[in-house]
Each structure stands twice: as structure tokens, then as C-alpha cells.
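Residues per chain are reported as follows:
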Amino acid sequence: DLVIDMYGYRRLGHNESDEPAFTQPVLYKKIRKRKTVREGYLDHLLEQSDITPEEANQIQSARSKLLDEELSRATSSDYHLPAQKRGPVWSPYFGGPEQDATEPMTGVPADKLKAIARKLTTVPDGFEPHPKLRRLLESRMKAVEDNAGIDWAWAEALAFGSLAMEGCPIRLSGQDSCRGTFSQRHARLHDYKSGETIIPLQHLSEDQAPVQIYNSPLSEIAVLGFDYGYSLDTPDGLVMWEAQFGDFVNVAQVIIDQFISSAEDKWQILSGLVLLLPHGFEGQGPEHSSARLERFLAQCAEDNIQVCQPSNPQQYFHLLRRQVIRKWRKPLVVMTPKSLLRHSGAQCSLTELTEDRFHRVLGEVEDLEPGKVKRILLCSGKVYYDLVGKRQELGRKDIAIVRVEQFYPFCDLSLSRALEGYHKKTPITWVQDEPENMGAWWFMRVHFGDRLLGTHPLSVVCRPPSASPATGSSNAHKREQQRLIDQAFDDSIVA
């Protein structure tokens, strides 16, 4: 009835009712009787006559003094953790607080973009893409020539191409990433007669950087883990992993928790990995709505990661280029759209790609009189276009709409500049598609409290708290969305 278990406990049988369930661990007793590592090693050295007891005590005293001095220095208020020496490939790059990073201009000259566009829309002689794709290529080139109508996927392709031409390696993997989950990317073209394939991004010039785009299996934890490791050896590249739907990142959560969000703090290991997570409440059910923005925001601290939700193609273009051009290396989480991939309002001109940079906050674009604005709607992502449409329908000129494009690291100054001109006590309502316990609302509330920037009263319009990200009924979704947008323009919510 007596068994020694794997931990060294003497486990008594069930018939020993007068004995305790566990007695003193045998293994622990034996461990306590052993000498310490130092004592055992010292005995070994003394036997070898390599050292005297006096010399051993001197070494111990000197080492203890050094450790005490280092501890005192490390616990002082002005102590900064020294940068870890990383190999030559990492020497130009750094982590730490974002305040040490510059904000580069990321535009590309028009003639360069036009040359890239021609390469991306021209197929080799004898290659026969599907007629629909041929029309797509023609429309993309026309958008560049007309300086209007560049959509999300086309802006992305131009960003990839410009970086590859500048010597930046491009790597993208994900489920159906070559075509694009929503049939928007078409980075790999197929000859619909012979089955031959080409990736135009690989044929821009003879001296361009390599471009790798792969369809990966539905094994998110394995693929994201591989791409994270790949990013550690490619600080000069744009390394991206794309979830087919943002929700699929759930299966790779351990990689995010253990490495992406915390590796710099734990081990001083940097990464510039980009996570592209389709996110948006489109009535497609709970598993195809949310990339769990709230989870990433809950892990944000010490400028460990970047979390962004760009609302238009030019913002996405500049965001991708900023990720590589500036030498500050942090993982980037991008909430990418679904319906906005083809939304007529989510398009840009070539000029908007040749100038400017990424903006953390986008102010009101309509010609409103700030003094007549009674309320400000603050939002991010797809819901912006729903709000703009409703405002046009109502003819409201007294409500401004401002977009947050980067949640973290959050910049109060960018938001303050976007709100310049409005009365300091103008009420602000945060509007989000997600339920109250999800999305960015709690992040914003914790950051600002009841008053945004200490002056504007802050309230929220969102779906009620829910255990599930979204309803499974398309009709229910439409009713919920209509109610949400109507409520955003109901002045009584701030009464």
C-alpha cells in the first residue's frame, strides 16, 4: 500500500485511515541533506588543490559586493535597462519607448509608383489570365493614370512593390493570401488555360528584394510561430501573417501571449512582425466578425506593440511603409477591413500615396463650422462610413466625426490636434460596432475616464454586453446596426 510517487511523496493506501494522506516528501528530505552547489564545487576544488579556503572566501565577498552594487543601481529611479547586443543584422534597429522613434514621411514619387503599376498590371506574352482578372488589371492601371479610385488591395500592392524596389524583402503568409480571402489581392495570377502561375511582384526589376507570398494551412499557431521566428532574423523586411478571418487568431493566442506581446520585456528580443486581421461587423456571424481588438489592447503596455485600424487605403499604404522605413522595431497588429475592400468611399488617389505619412488620428474632413458643432462622434474603422452616410441622410452640420487610426501607442497630442477649434466642453461619444465589453471602449475609458483630454464629456454608443462577439442572424445584425447608428445621432444620449 506504500507508493513513492513522482514527486517523492510517500503516498499511503486507502486502508490506512489513521494516517494522513501524505507524509513528509522523501525526495525533499534528501535534497535538504545535500550540500549546496557552491559547497560541493568548493570541496571538489579543494581536493584538486586548485584553490585555498581563503581565496574562495575572497571571491565570494567580491562577488557579493558586486551583486549588491548592481542591485542598488537597478532599483534606482533613473535606471534604464541596457540594450541587449543583438548581431550585426540588428545593429541599425532599436526598441524601447516610441518617443525615441521618428515619424518618417512615407510617400513615393509618382513616376516610381506608375512604373511599378505598369509592371504589376502587365503579364508575359502568351500568359492568359482569366478575363475578369484581365479587366481588374486594366482598371488598376487606369486608377493610377486617372489619379483616383485606388482601392485597398491596389494600395497594398503598390506598398509592397515600392518597398521591394527599395531593397526591403517582403514575406506574406496566410490562408488564401495569394488570392486574398475576399478575392481582392490576386498577388499570384493563374493562366486559366495552362494553369501556369506568376507573381508580378517578383518581376519588378533585376535588383529588387525578394517577394514571398504563400498560402498556409489552417494551423495558425504553427504558421504564426514560424513567421515570428522568421521576423527575428529579418529586421530589414516586411514580414506579415494574415488570418483568413481575424477571429482565427484565437488559435495562435499562445504565440501572441508568450512571444509577440512580451518578448522584448522578458528577453529584450525585438520583432517587426505584422499581423493582418480582417475585422468588421458585417452580419456574417460571431466567428467572422471580431479579431478581438480588446485582447490586444489589454496586453498593451510599455510600448510593446502597435495596434492600428486604418480606415482608408492611403493610411494602410503609409502604415506598411512606416513599419519598415523607421528603425523602431515593434510588432504591428492591423485590424483590416472586409466590406471596405470595395467600398466606393474607401478609395484614394495616386497623389495621396506620393505625399504625406500615416496619421494616428484623422480629423473631420467635411467643411463644418467648428463653432456650430454640438457633438463629436469618435470612432474607428468601418463604422465611420455608416456614420457619414447617416449624417448625410439627416443633413446634420452640427455633428463632427473623428477617426482613431492608431490605438497604441496612443498619442494624446494627435487627438488634441484633431479636436482643435471645437469648444473644449463639446460632448464626445465613442461609437463602436462591438458589444460594450469588447472593442476599444474599455481601453478608451481607462485611458481618459469620464472626460476626454480632461475637458470633453465622454459617453459611448455600442451594442449591449455580450458573451458572443456578434449575432448569427443577418437580419438581426441589420436591425442592431441601424439601432446603433440611429442612437449615435440621438442628442438625448448626452442630455
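Structure's up top.
Residues numbered from 1 in each chain as written. Predicted model: local features only at pLDDT ≥ 70, side-chain atom pairs only at ≥ 80, totals over all residues. Heavy atoms only, no water.

Draft legend 1. Representation of the nonpolar core in the model. Core analysis: the largest hydrophobic core is formed by 96 residues, its most contacted members being I150, L158, L275 and L277. Looking at this core, the element that brings in the most residues is helix α6 (residues 152-165), giving nine residues. Discounting residues that sit within four places of it in the chain, L277 has contacts with W241, A243, G246, V249, A291, F296, V333, V334, M335 and T336. Of all hydrophobic cores here, the second largest spans 17 residues; its members include A346, V383, V388 and F489. (Core = buried A, V, L, I, M, F, W, Y, C linked by side-chain atoms within 4.5 Å. Buried < 20%, exposed > 50% of the residue type's maximum accessible area, 1.4 Å probe, protein only. Helix = DSSP H or I, 4+ residues; strand = E, 2+ residues; numbered from the N terminus. Contact = heavy atoms within 4.5 Å.)

Draft legend 2. Highlighting the pattern of salt bridges. Under the defined criterion, the tally for this structure stands at 28 salt bridges. A salt bridge links R445 to D450; the nearest nitrogen and oxygen atoms lie 2.5 Å apart. By relative accessible area, which is 29% here, R445 ends up partly exposed. In this structure, a network of salt bridges that share partners links the residues E98, E103, R322, R326 and R360. (Salt bridge = Lys/Arg side-chain N within 4 Å of Asp/Glu carboxyl O.)

Draft legend 3. Region of interest: the sheet that holds strand β12 (residues 375-379). Spatial strand order, β11-β13-β12-β15-β17-β16: six strands in an open sheet with mixed pairing. Bordering the open sheet on either side are β11 (361-362) and β16 (451-452), each of which pairs with just one other strand. Two strands pair when backbone bridges link them, and β12 and strand β15 (residues 428-435) are joined in this way by three bridges, in the parallel orientation. Opposite I376, over in β15, you have I428 as the bridge partner. (Pairing = 2+ DSSP bridges.)

Draft legend 4. Layout of the environment of L387. Turning to its location among the elements, L387 is positioned in helix α13 (residues 383-394). A C-alpha to C-alpha distance of 9.0 Å links L387 and D486, two positions 99 residues apart in sequence. Setting aside its immediate chain neighbours within four residues, L387 contacts L377, C379, I401, V431, I485, A488 and F489.

Draft legend 5. Seen up close, the packing of aromatic side chains. Summed over all chains, the structure comprises ten aromatic pairs. Taking 5.9 Å as the distance between ring centres and 45° as the angle between the ring planes, the aromatic pair formed by F259 and W267 counts as tilted. With a centroid separation of 6.1 Å and an interplanar angle of 70°, the aromatic rings of F407 and W430 are classed as edge-to-face. Of this pair, F407 sits in strand β14 (residues 406-408) while W430 sits in strand β15; the two residues are 23 residues apart in sequence, bridging distant segments of the chain. Classification of W430 by relative accessible area gives buried; the value is 2%. Within the aromatic cluster, the residues linked to one another by ring pairs are F182, F245 and F248. One residue, R403, lies across the ring of Y384, its end atom 3.8 Å from the ring centre. (Phe/Tyr/Trp six-rings, centres within 6.5 Å; stacked < 30°, edge-to-face > 60°. Lys NZ or Arg CZ within 6 Å of the ring centre and 35° of its normal.)

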